[in-house]
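Take a look at the letters that make up each chain.
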Amino acid sequence: MLREVEIVVKHLEDYRPIVGDEAIEEILDLAAPLRGARVAHVNATDYGGGVAEILQTLVPLMRDAGLDAHWQVIEGNDEFFNVTKAFHNGLQGMDIPLTGEMKAVWIHSNRLNAERFAGPGGELWDFAVIHDPQP
């Protein structure tokens, strides 16, 4: 299994005074048909950056709404993350040459991560949300 990020407990009710009754009830109504669905959020790091900050709140609130939400982090060596940084820069418009070696590094690490992509107990996910270009 990929490394699972520990999640603190959060409650939608704590947000009711901020967002109002209507917003909380809408979230609960929309979540009702998904109750018990196994959801994996996958990204490259559990600290720093916008994705990690969002998932620290999103995952526990999804759990509070009745989904079986989890947050997993991929692994890779420095070479892999250097390649993915180049991909990230390319996606943002930099002219980055994509070499065969870069592709091989990316494919190798993602195959290793894919082999470990399962829920607690090895179960499959109902939904997977991939948050970063690395995976």
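Participant: Tell me about the side chain of Asn113, and please be specific about residues and values.
Facilitator: Along the chain, Asn113 turns up in helix α5 (residues 100-115). In contact with Asn113, not counting residues within four places along its chain, are Leu2, Ile74 and Glu75.

Participant: Tell me about the packing of helix α4 (residues 78-91) against α5, and name the residues and values.
Facilitator: At a minimum axis distance of 9 Å, the contact between α4 and α5 shows a crossing angle of 115°. Helix-helix and strand crossings are classified by hand; for α4 and α5 the assignment is left-handed. Every residue of α5 that contacts α4 at Glu79, Phe80, Val83, Thr84, Ala86 and Phe87 is listed here: Glu101, Met102, Val105, Trp106, Ser109 and Asn110. Each residue belonging to the contact of α4 with α5 can be placed in one class, and the counts come to seven nonpolar, three polar and two charged.

Participant: Talk me through the pattern of salt bridges; I want residue IDs and the actual numbers.
Facilitator: Across all of its chains, the model carries eight salt bridges by this definition. In this structure, Glu4 engages Arg63 in a salt bridge whose closest nitrogen and oxygen atoms are separated by 3.9 Å. Placement of the pair is Glu4 in strand β1 (residues 3-4) and Arg63 in helix α3 (residues 49-64), with a sequence separation of 59 residues. Classification of Arg63 by relative accessible area gives partly exposed; the value is 33%. Close ionic contact of Arg116 with Glu75 constitutes a salt bridge, the shortest N to O distance being 3.1 Å. Residue Arg116 is found in the loop between α5 and β4 (127-130), and its partner Glu75 is found in the loop between β3 (68-73) and α4; the two are separated by 41 residues along the sequence. Since its relative accessible area comes to 28%, Arg116 is described here as partly exposed. We classify Glu75 as partly exposed; its relative accessible area is 39%. When salt bridges that share partners are traced, they join Glu13, Arg16, Asp21 and Glu25 into one network.

Conventions and cut-offs
- Here the residue numbering is sequential within each chain, running from 1 through the sequence in written order.
- Totals for whole chains, interfaces and linings use every residue, but because this is a predicted model, local features are given only for residues with pLDDT of at least 70 and side-chain atom pairs only at 80 or more, for both listing and counting.
- Excluded from the side-chain calculations are hydrogens and water; all other atoms, namely the structure's heavy atoms, are used.
- Secondary structure is summarised from DSSP: a helix means a run of H or I of at least four residues, a strand means a run of E of at least two, and numbering begins at the N terminus for each.
- Whether two residues are in contact is decided by their heavy atoms, any of which lying within 4.5 Å being enough.
- Orientation is described by lines fitted to C-alpha atoms, with helices fitted over the stretch in contact, and by angles between N-to-C directions that extend from 0 to 180 degrees.
- By convention, the crossing between two helices is left-handed when the near helix turns anticlockwise from the far helix through less than a right angle, and right-handed when the turn is clockwise.
- Each residue receives one of three labels: charged for Asp, Glu, Lys and Arg, nonpolar for Ala, Val, Leu, Ile, Met, Phe, Trp, Tyr, Cys and Pro, and polar for the others, Gly being one of them.
- Here, a salt bridge means any Lys or Arg side-chain nitrogen found within 4 Å of an Asp or Glu carboxyl oxygen.
- When a residue's accessible area, from a 1.4 Å probe over protein chains only, is under 20% of the maximum for its type it is buried; when over 50% it is exposed; and in between it is partly exposed.

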